[in-house]
Amino acid sequence: MTPQLYVASNGLGLWTSDDLGETLIRMGSRAGMYSGYQIWALAVDPSDPNSLLLGTNGGLYRLDRREKTFTHIPSPMNARFKITALAFSPHNPNVVIAGTQFAALYRSDDHGRNWRHLDVIVPEICANMAQSRFTQILFDPKDQQLAWAGVELGNIWHTTDGGTSWHNLTKGLTSEDIHGLAVVHNGSRKVFATTDNGVHVSDDDGESWQVQAFDSPKPYTRAVVQSPGGDLFITNGDGPPGSWGRLYRSSDLGRHWQRAPLPGDVESSMWSIAVNPADPKLMFASSSLGQIYRSTDGGESWSALKRRLGEIRHVMWLPS
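Let us look at the structure shown here. Note that the structure is predicted; figures quoted are calculated from it, not measured.

### Things to note about the pattern of salt bridges
Two side chains with opposite charge may pair up if their charged atoms get near one another.
Point 1. All chains considered together, the criterion is met by 12 salt bridges.
Point 2. Note that Lys190 is salt-bridged to Asp203, the shortest N-O span being 2.6 Å. You can see Lys190 sitting in strand S17 (residues 189-195) and its partner Asp203 sitting in the loop between strand S18 (198-202) and strand S19 (210-212), a full 13 residues away along the chain.
Point 3. Across the salt bridge formed by Arg313 and Glu311, the nearest N and O atoms sit 3.1 Å from each other.
Point 4. Its relative accessible area of 15% is what places Arg313 among the buried residues.

Below you can see the structure in the form of structure tokens.
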């Protein structure tokens, strides 16, 4: 297994690495996608690991990982500002859900070739004139009927019929600014949500939420991810893009959090985390303004990669 790292940037296209991030190579426009696009979301097809979907400010693209070429996929999402969230159903890889900015949800039942607009009404412009957008779509790995979708400035949306219909969840949330989602099974199901006002946890599939405290000067959180080893990780900072960042780890389902030992100064909010069950020890994490970190021992220790990019929106690693 040769790990391949993919780094989605805000305005510098997609970057790849075959040597654990020591060398990062930008995929040029000759590969079939403009290299100056903002890449907001990545999703690998569970039935075809060679196929990677990308959500951009120029529409939907499919990457052939072996050929290293992009193909544009026409869709009604071309009329939106950006495609900011993508997820394949782990139970039926024909089903893909996509979220956009301005906030709208779309569904495909044929691997992303054709799409339909779902009946989810989210205000496009909020009171402070900010634009709402979907940030993450999360399918439950055990129950094919359940999924959640987070909206930055639009709360959390939930489906109990596999993604056909959705309803809004707000009870107990201290912020409508939703950034990341995770679902954990450990005898029962817990759902986690990160916001600009801290981490929230739900024991009833998101119908109600409680804030889960952690020791940081600011409660701003972005990603929440369960590693293949079972620990939870969250990214933290002082806002977008922020001037400092932290990574936290929990071994008891979020009841207690310990700061992970990132080397040197993190100069913006920590943003993304990449894990893969193909190697439970290998992890990557990135900051908002382009610093990338690697762990080869499941998050016990971290090293900083040499190359620094511009704004990073998503990191993912996959076996070759």
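### Quick word on the sheet that holds strand S23 (residues 258-259)
Point 1. The strand order across the open sheet formed by 4 strands is S20-S21-S22-S23, and the pairing between neighbours is antiparallel. Edge positions in the sheet fall to strand S20 (220-226) and S23, since each has one partner strand and no second.
Point 2. Where strand S21 (residues 232-237) lies against strand S22 (residues 245-250), 6 bridges are found, and the strand directions are antiparallel. When the bridges of S22 are listed, Ile234 appears paired with Tyr248.

### Side note on the packing of aromatic side chains
Point 1. A full pass over the atoms with the stated rule returns 4 aromatic pairs.
Point 2. On the basis of an interplanar angle of 85° and a centroid distance of 5.4 Å, the ring pair of Tyr34 and Tyr37 is categorised as edge-to-face.
Point 3. Where Phe214 meets Tyr248, the ring centres are 5.1 Å apart and the plane angle is 70°; that geometry is what we call edge-to-face. With Phe214 in the loop between S19 and S20 and Tyr248 in strand S22, this pair connects stretches of sequence that are 34 residues apart. For the pair formed by Phe214 and Tyr248, the shared burial category is buried.
Point 4. Each member of the aromatic cluster is reached from another via a ring pair, and the members are Tyr34, Tyr37 and Tyr61.
Point 5. The ring of Trp244 has Arg246 sitting right over it, with the charged end atom 5.6 Å from the ring centre.

### Focus on the side chain of Arg294
Point 1. Note that Arg294 resides in strand S26 (residues 292-295).
Point 2. On the basis of relative accessible area, Arg294 is assigned to the buried category, the value being 14%.
Point 3. Setting aside chain neighbours within four positions, we find Arg294 in contact with Leu20, Glu22, Leu282, Met283, Phe284, Ser301, Trp302, Ser303 and Leu305.

### What about the layout of surface pockets?
Point 1. For the largest pocket, the calculated volume is near 1,600 Å³.
Point 2. Contributing to the lining of the largest pocket are 46 residues, with Gln136, Leu138, Val225, His314 and Met316 lying nearest its centre.
Point 3. Going through the elements one at a time, strand S4 (39-45), strand S8 (82-88), strand S12 (133-139), strand S16 (178-185), S20, strand S24 (270-274) and strand S28 (312-319) are the ones with two or more residues in the lining of the largest pocket.
Point 4. For the lining of the largest pocket, the class distribution of residues is 31 nonpolar, 11 polar and 4 charged.

### Quick notes on the sheet that holds S28
Point 1. The strand order across the open sheet built from 4 strands is S3-S2-S1-S28, with neighbouring strands paired in antiparallel fashion. In the strand order of this sheet, the two ends are held by strand S3 (25-26) and S28, each with one partner.
Point 2. The pairing of strand S1 (residues 3-9) with S28 spans 7 bridges and is antiparallel. Paired with Ser9 across the two strands is Ile312, which belongs to S28.

### Here's the deal with unusual backbone geometry
Point 1. In this chain, Gln101 is followed by Phe102 through a cis amide linkage whose omega measures 0°.
Point 2. Relative to the elements of secondary structure, Phe102 occurs in the loop between strand S9 (96-101) and strand S10 (105-108).
Point 3. Cis rather than trans, the peptide bond between Pro240 and Pro241 has omega equal to -5°.
Point 4. Even without being glycine, His111 reaches a positive phi, approximately 65°.
Point 5. Position of His111 among the secondary structure elements: in the loop between S10 and strand S11 (116-117).
Point 6. On the basis of relative accessibility, which here comes to 14%, the residue His111 falls in the buried class.

Analysis parameters
- Throughout, a residue's number is its position along its own chain's written sequence, starting from 1.
- Per-residue local features of the predicted model are confined to residues with pLDDT of at least 70, and side-chain atom pairs are confined, for both listing and counting, to 80 or more; whole-chain, interface and lining totals are unaffected and use all residues.
- Calculation of side-chain values draws on the structure's entire complement of heavy atoms; hydrogens and water are dropped beforehand.
- Take a side-chain nitrogen of Lys or Arg and a carboxyl oxygen of Asp or Glu: if they are within 4 Å of each other, that pair is a salt bridge.
- Working definition: helices are DSSP H or I runs of at least four residues, strands are E runs of at least two. Numbering for both runs from the N terminus.
- A 1.4 Å probe rolled over the protein chains alone gives each residue an accessible area, and that area as a share of the maximum for its type sets the label: buried under 20%, exposed over 50%, partly exposed in between.
- Here the rule is simple: two strands pair whenever DSSP picks up at least two bridges between them.
- Whether two aromatic rings pair depends on their centres lying within 6.5 Å, for rings of Phe, Tyr and Trp, where Trp uses its six-membered ring; planes under 30 degrees apart make the pair stacked, over 60 edge-to-face, and the rest tilted.
- We count a charge as sitting over a ring when the NZ of a lysine or the CZ of an arginine lies within 6 Å of the ring centre and within 35 degrees of the ring normal.
- Contacts are assigned to residue pairs that have any heavy atoms within 4.5 Å of one another.
- Grid points spaced at 1 Å and placed over the protein atoms alone form the basis of the search, with a cavity being a set where a 1.4 Å probe fits but cannot get out and a pocket an open set showing protein on both sides within 12 Å along at least five of seven lines. Lining residues have an atom within 4 Å of a point.
- Grid points are joined across faces, edges and corners, and a volume is the space filled by probe spheres set on the points.
- Put simply, Ala, Val, Leu, Ile, Met, Phe, Trp, Tyr, Cys and Pro go in the nonpolar bin, Asp, Glu, Lys and Arg in the charged bin, and everything else, Gly too, in the polar bin.

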